[in-house]
Amino acid sequence: MKVLVLNAGSSSLKYRLFDAGREIGSGVIERIGEQGGVKDHMEALKIAQDRMGADGVLSSFDSLDAVGHRVVHGGEKFTQPAVVDDELIDVLKKLVPLAPLHNPANIEGILTMRKIAPKIPQVAVFDTAFHQSMPKESFLYAIPLELYDRYAIRRYGFHGTSHSYVCKEAAKLLGRPPESLNLITLHLGNGASACAVESGRSIDTSMGFTPLEGLVMGTRCGDIDPQIPLFLNGKGVDAEEVLNRRSGLKGLCGHNDMREVLKLADEGFADAKTALSIYTRRIRKYIGAYAALLGRVDAVVFTAGIGEKSPKVRELSCRGLEGFGIELDSTKNSTGEVEISIESGPVKIFVIKTDEELEIARQTEALLSDARL
Ligand code: ADP
């Protein structure tokens, strides 16, 4: 099956083409809608089609078997990937207030593709879907219940496609079915989230109503006292902007790129050292909290840019967790191995490269194969 995976952002379009689960083409088109850039998503998709044509991997979109779209917010309606139809598009439009930065672009990608290749089945794969298995105790906030009923204020969780992918990969490494495993997965990229996985299902995650809650991120604050934004707004400060774009590592030491933070910390810059300590201390708190929720942990998984590439962050994040059975082998950690826990450790620690697009392609293929049975 030839599946094109699209990740449409407000000003960019990432695409990857898979044939029988193997990548045969990929690219990014940036500066969509900007001056001197590409006019719109329609033009961007045509460029993508031309490029894949020139590379000899796809004659036209009509020769695809399916298109899989990354959609950030599926609300409560979608617990699984879903075939795109008019009703689905209506639901996504209603969810725009919950994901104003992401869903409009995702919808744009879907509508444009429908225009270009109306006969090709399209599937939406949601970042929130994997977390829809969370129980009420995890997804409800302790605020008046009527606010949940009226405004759908609850924890949704994000990065679900990545958490789900690394769970399955961890299961392969352990040689056990995912349903038998309790895992703590740590997606540490520009955005970052932790997930508690019980018997293969998400039962808690650190991101909440929006992707602002939880771990410290590149520019996002993660957990803070909810009174702070109210206080800031009262002072005339745009709290939404500050907490989303000028906080996290950037707020603490002026740099949101972890490579830079690590370099400066290594050179002894105090703010960078503090930022790194706060970042990894928060991860430790979540590992401890999720170990308490899960009772038994089979493995801790590090993934995404920072999780995959920074031995230092992994080391600091696991420091002092020996009492939980979580102990790093410092040599394995620094030499790029997949399994980095000590030999006798009851809890395995893995570094697993995430691949959200491959997971979207797989889920798209699985859904359409099921539909054809
Ligand atoms: P996104 O969340 O946008 O998909 P990634 O998963 O690629 O991002 O992660 C981006 C983060 O990974 C950045 O903070 C970057 O600094 C960090 N990163 C990339 N390479 C390294 C490295 N070698 N060491 C530490 N951090 C790294």
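Above this text you will find the structure in question.
Residues numbered from 1 in each chain as written. Predicted model: local features only at pLDDT ≥ 70, side-chain atom pairs only at ≥ 80, totals over all residues. Heavy atoms only, no water.

Draft legend 1. Examining the environment of I228 more closely. Relative to the helices and strands, I228 resides in helix 7 (residues 227-234). Given a relative accessible area of 35%, I228 falls into the partly exposed group. Between the C-alpha atoms of I228 and Q132, which are 96 residues apart in sequence, the distance is 29 Å. (Helix = DSSP H or I, 4+ residues; strand = E, 2+ residues; numbered from the N terminus. Buried < 20%, exposed > 50% of the residue type's maximum accessible area, 1.4 Å probe, protein only.)

Draft legend 2. Molecular detail of helix 3 (residues 103-116). The end-to-end C-alpha distance of helix 3 is 20 Å, a good match for the 20 Å that 14 residues give at a rise of 1.5 Å each. Of all the positions in helix 3, only N103, A105, N106, I107, G109, I110, T112 and M113 are classed as buried. On its buried side, helix 3 packs onto strand 1 (2-8), helix 1 (41-54), strand 4 (66-71), helix 2 (86-94) and strand 6 (122-126). (Expected span 1.5 Å × (residues − 1). Contact = heavy atoms within 4.5 Å.)

Draft legend 3. Spatial organisation of the pairing of strand 6. The element strand 6 is largely enclosed, with a buried count of 5 among its 5 residues. With 5 bridges joining them, strand 4 and strand 6 adopt parallel strand pairing. Within the sheet, the bridge partner assigned to V67 lies in strand 6 and is Q122. Two strands pair when backbone bridges link them, and strand 5 (residues 82-83) and strand 6 are joined in this way by 2 bridges, in the antiparallel orientation. Each bridged residue has a counterpart across the sheet, and for V83 the counterpart in strand 6 is V123. (Pairing = 2+ DSSP bridges.)

Draft legend 4. View of the packing of helix 11 (residues 270-294) against helix 13 (residues 311-318). With their axes 8 Å apart at the nearest point, helix 11 and helix 13 run at an angle of 50° to one another. With respect to each other, helix 11 and helix 13 are oriented oblique. When you trace helix 11 past helix 13, the crossing you get is right-handed. Taken together, the residues of helix 13 that come into contact with helix 11 (itself represented by L276, Y279, T280, I283, R284 and I287) are K312, V313, L316 and S317. Here the contact of helix 11 with helix 13 is built from residues that sort into 6 nonpolar, 2 polar and 2 charged. (Axes fitted to C-alpha atoms, helices over the stretch in contact; angles between N-to-C directions. Parallel < 35°, antiparallel > 145°, perpendicular 65-115°, else oblique. Left-handed = near helix turned anticlockwise from the far one by under 90°. Nonpolar A, V, L, I, M, F, W, Y, C, P; charged D, E, K, R; others polar.)

Draft legend 5. Representation of the sheet that holds strand 7 (residues 183-188) within the structure. Spatial ordering of the open sheet is given by 9-8-7-10-11, a layout of 5 strands whose pairing is mixed. A single partner strand is all that each edge strand has here, and the edge strands are strand 9 (201-205) and strand 11 (348-351). Each neighbouring strand pair of the sheet contributes to a mean axis angle of 25°, computed without reference to strand direction. By the bridge criterion, 6 bridges tie strand 7 to strand 8 (residues 192-198) in an arrangement that is antiparallel. Within strand 8, the position partnered with L186 by the bridge is A194. Most of the contacts of helix 6 (residues 160-174) go to strand 7, to which it runs at about 130°, and overall it touches strand 7, strand 8, strand 9, strand 10 (299-303) and strand 11. Most of the contacts of helix 11 go to strand 7, to which it runs at about 155°, and overall it touches strand 7, strand 8 and strand 9.

Draft legend 6. Seen up close, the packing of aromatic side chains. As enumerated under the stated definition, the model contains 4 aromatic pairs in all. Their ring planes at 55° and their centres at 5.9 Å tell us that F139 and Y148 sit as a pair that is tilted. Owing to a relative accessible area of 10%, F139 belongs among the buried residues under this scheme. Overall, Y148 belongs to the buried group, its relative accessible area being 17%. (Phe/Tyr/Trp six-rings, centres within 6.5 Å; stacked < 30°, edge-to-face > 60°.)

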